[in-house]
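As a plain string of letters, each chain reads:
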Amino acid sequence: MKENSNKPQIIYILPNLFTAASAFVGIISIISAANGHYGKAILYIILSLLLDGLDGRVARLTHTTSKFGLEFDSLADIIAFGVAPAMLFYFTYGHSFGKFGSLVASMFVVFGAIRLARFNVTTGTYEPSVFIGLPIPTAAVVTSVWIAFYLEYSFMKGYEWLLIFVISGLALLMVSNVRYPSFKKIDYQKANFLKVLVWLLLVFFLLYLYPLEFAFIVTSGYVLYGIIRAIYNIYRAKFPRNI
């Protein structure tokens with residue numbers, strides 16, 4: 001009887017363990033960036049993303065979603081996807097801009113926190129197929145990929161101002177009303193198995209051949225898609241007869 005009564009409580013630990021791991025890896029990313037190990041810092045942010053995706057799926061599979069888990073996940077996200085990419089940005093090239101670089105790094109964290117708070121209080125009030133504002137994990141990954149691209153290619157040197165613009169733009173997009181597609185509610189039962197397999201293989205091949213370049217194009221394209229669609233919707237609303 002004692003084992004059965006404790007079993008539900010033990011199950012609740014599992015998804016929160018992934019959340020704790022995500023926060024832990026985020027801290028390691030910050031330490032790596034501070035020590036100048038930027039490649040490791042970027043990889044740790046990507047690992048945090050994987051762990052963050054697992055905690056929600058494990059909670060849904062085990063039916064252990066809870067208010068505590070939601071709040072804990074948000075706090076972990078602030079570390080892994082707010083502070084970690086902001087410090088990565090600052091230690092790589094943000095510090096060269098002085099106080100302005102510090103401001104941009106701080107803005108990324110603060111706006112990321114606002115994005116998470118808004119998500120928590122508005123979940124269930126809009127269609128589940130979209131995100132209102134750029135999700136903070138996406139902003140973190142885009143930041144990491146752009147920094148990796150900057151570190152990899154010498155022709156990016158001298159264009160640090162562009163990276164400042166990108167990081168600032170990502171921060172503003174997180175608190176904007178720009179809608180981004182969510183892939184959480186995809187009906188896999190209705191998906192064509194062959195088409196999905198072909199697309200996944202193509203993605204795998206491109207990642208194998210050009211991992212950084214492919215990630216750069218895909219993540220940047222996702223961000224631009226939301227912006228372009230928002231502009232198109234505004235134009236269609238103002239000039240419906242021209243569409």
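Bear in mind the structure is a predicted one, so any value in this text is a computation, not a measurement.

Novice: Honestly, the overall build of the protein chain in this entry has me stumped. Any pointers?
Specialist: Helices and strands together make up the secondary structure of the protein chain, namely 8 helices and 2 strands. For the protein chain, the α and β elements follow one another from N to C terminus as α-α-α-α-β-α-α-β-α-α. Counting every position in the protein chain, which comprises 243 residues, the buried fraction comes to 37%. Across the protein chain, the fraction of contacts at a sequence separation of at least 24, relative to all contacts at a separation of at least 6, is 77%. With the model as given, the accessible surface of the protein chain reaches about 14,800 Å², and the carbon-plus-sulfur share is 71%.

Novice: Could you clarify how one ought to interpret the layout of surface pockets in this entry?
Specialist: Think of a ball as big as a water molecule: rolled over the atoms, this probe shows where empty space is left. Put simply, the second largest pocket is a space of about 220 Å³. Breaking the lining of the second largest pocket down by element, the ones donating at least two residues are α5 (136-152), α6 (160-174) and α8 (211-238). Considering each element in turn, the lining of the second largest pocket owes the most residues, 6 residues, to α6. Considering only residue class, the lining of the second largest pocket consists of 10 nonpolar, 2 polar and no charged.

Novice: I tried to follow a nonpolar patch on the surface on my own but got confused; where do I start?
Specialist: A surface patch of nonpolar side chains, about 1,300 Å² in accessible area, is lined by Leu194, Leu197, Val198, Trp199, Leu201, Leu202, Phe204, Phe205, Leu206, Tyr208, Leu209 and Tyr210. By relative accessible area, leucine 201 is classed as partly exposed at 39%.

Novice: Hey, could you run me through the packing of helix α4 (residues 99-122) against α5 in this one?
Specialist: Contact geometry for α4 and α5: axes closest at 10 Å, N-to-C directions at 150°. Comparing the axis directions of α4 and α5 gives the class roughly antiparallel. Across the interface between the two elements, Phe108, Gly112, Arg115 and Leu116 of α4 pack against Ile136, Ala139, Ala140 and Thr143 of α5. Each residue belonging to the contact of α4 with α5 can be placed in one class, and the counts come to 5 nonpolar, 2 polar and 1 charged.

Novice: I keep staring at the environment of asparagine 120 and nothing clicks. Help me out?
Specialist: Among the structural elements, asparagine 120 can be located in helix α4. For the pair asparagine 120 and glutamate 71, spaced 49 residues apart in the sequence, the C-alpha separation amounts to 8.4 Å. Beyond its immediate sequence surroundings of up to four residues, asparagine 120 is in contact with Leu70, Glu71 and Ser74.

Novice: Explain the environment of leucine 75 here, please?
Specialist: Residue placement: leucine 75 occurs in helix α3 (residues 67-92). On the accessibility criterion, leucine 75 (57% relative accessible area) is exposed.

Novice: Can you walk me through the packing of helix α2 (residues 38-61) against α5 in this structure?
Specialist: Helix-helix packing is characterised by the crossing angle of the two axes and by the distance between the axes. Between α2 and α5, whose axes approach to 10 Å, the crossing angle comes to 155°. What the angle tells us is that α2 and α5 run roughly antiparallel. Here the hand of the crossing between α2 and α5 comes out left-handed. Counting all contacts with α2, which are made through Tyr38, Ile42, Ile45, Ile46, Leu49 and Asp52, the residues of α5 involved are Pro137, Ala140, Val141, Ser144, Ile147, Ala148 and Leu151. Grouping the constituent residues of the contact of α2 with α5 by class yields 11 nonpolar, 1 polar and 1 charged.

Novice: How do you make sense of the packing of aromatic side chains when you look at a structure like this?
Specialist: Aromatic ring pairs are described here by two measures, namely the spacing of the ring centres and the angle between the planes. A complete count under the given rule lists 12 aromatic pairs for this structure. Between phenylalanine 68 and phenylalanine 72 the ring centres are 5.8 Å apart and the planes differ by 35°, which places this aromatic pair in the tilted class. Linking phenylalanine 68 with phenylalanine 72, this pair stays in helix α3, spanning 4 residues, or about one helical turn. Taken together, a centroid distance of 5.1 Å and an interplanar angle of 85° make the contact between phenylalanine 89 and tyrosine 93 edge-to-face. For phenylalanine 89, a relative accessible area of 0% puts it in the buried group. Relative accessible area serves as the criterion here: at 3%, tyrosine 93 is assigned to the buried category. In textbook terms, an aromatic cluster arises when at least three aromatic residues are bridged by ring pairs, as seen for Trp146, Phe149, Tyr153, Phe155 and Phe216. The aromatic ring of tyrosine 150 is capped on one face by lysine 157, whose charged end is 4.6 Å from the ring centroid.

Novice: Would you explain α3 in this entry?
Specialist: An α-helix turns once every 3.6 residues. As a result, residues three or four positions apart point the same way. Under the 1.5 Å per step criterion, the end-to-end length of α3 is 37 Å for 26 residues, consistent within 8% with the ideal 38 Å. Its maximal kink placed at aspartate 77, α3 deviates by approximately 30°.

What counts, and at which threshold
- Residues numbered from 1 in each chain as written.
- Predicted model: local features only at pLDDT ≥ 70, side-chain atom pairs only at ≥ 80, totals over all residues.
- Heavy atoms only, no water.
- Helix = DSSP H or I, 4+ residues; strand = E, 2+ residues; numbered from the N terminus.
- Buried < 20%, exposed > 50% of the residue type's maximum accessible area, 1.4 Å probe, protein only.
- Contact = heavy atoms within 4.5 Å.
- Areas by Shrake-Rupley, 256 points an atom, 1.4 Å probe, with all protein chains shown as cover.
- 1 Å grid on protein atoms, 1.4 Å probe; cavity = no way out; pocket = protein on both sides within 12 Å on 5 of 7 lines; lining within 4 Å.
- Points joined across faces, edges and corners; volume = space filled by probe spheres on them.
- Nonpolar A, V, L, I, M, F, W, Y, C, P; charged D, E, K, R; others polar.
- Patch = residues over 30% accessible without salt bridge, like charges linked within 9 Å, V, L, I, M, F, W, Y side chains within 5 Å.
- Salt bridge = Lys/Arg side-chain N within 4 Å of Asp/Glu carboxyl O.
- Axes fitted to C-alpha atoms, helices over the stretch in contact; angles between N-to-C directions.
- Parallel < 35°, antiparallel > 145°, perpendicular 65-115°, else oblique.
- Left-handed = near helix turned anticlockwise from the far one by under 90°.
- Phe/Tyr/Trp six-rings, centres within 6.5 Å; stacked < 30°, edge-to-face > 60°.
- Lys NZ or Arg CZ within 6 Å of the ring centre and 35° of its normal.
- Expected span 1.5 Å × (residues − 1).
- Bend = angle between axes of the 7 residues up to and from the residue.

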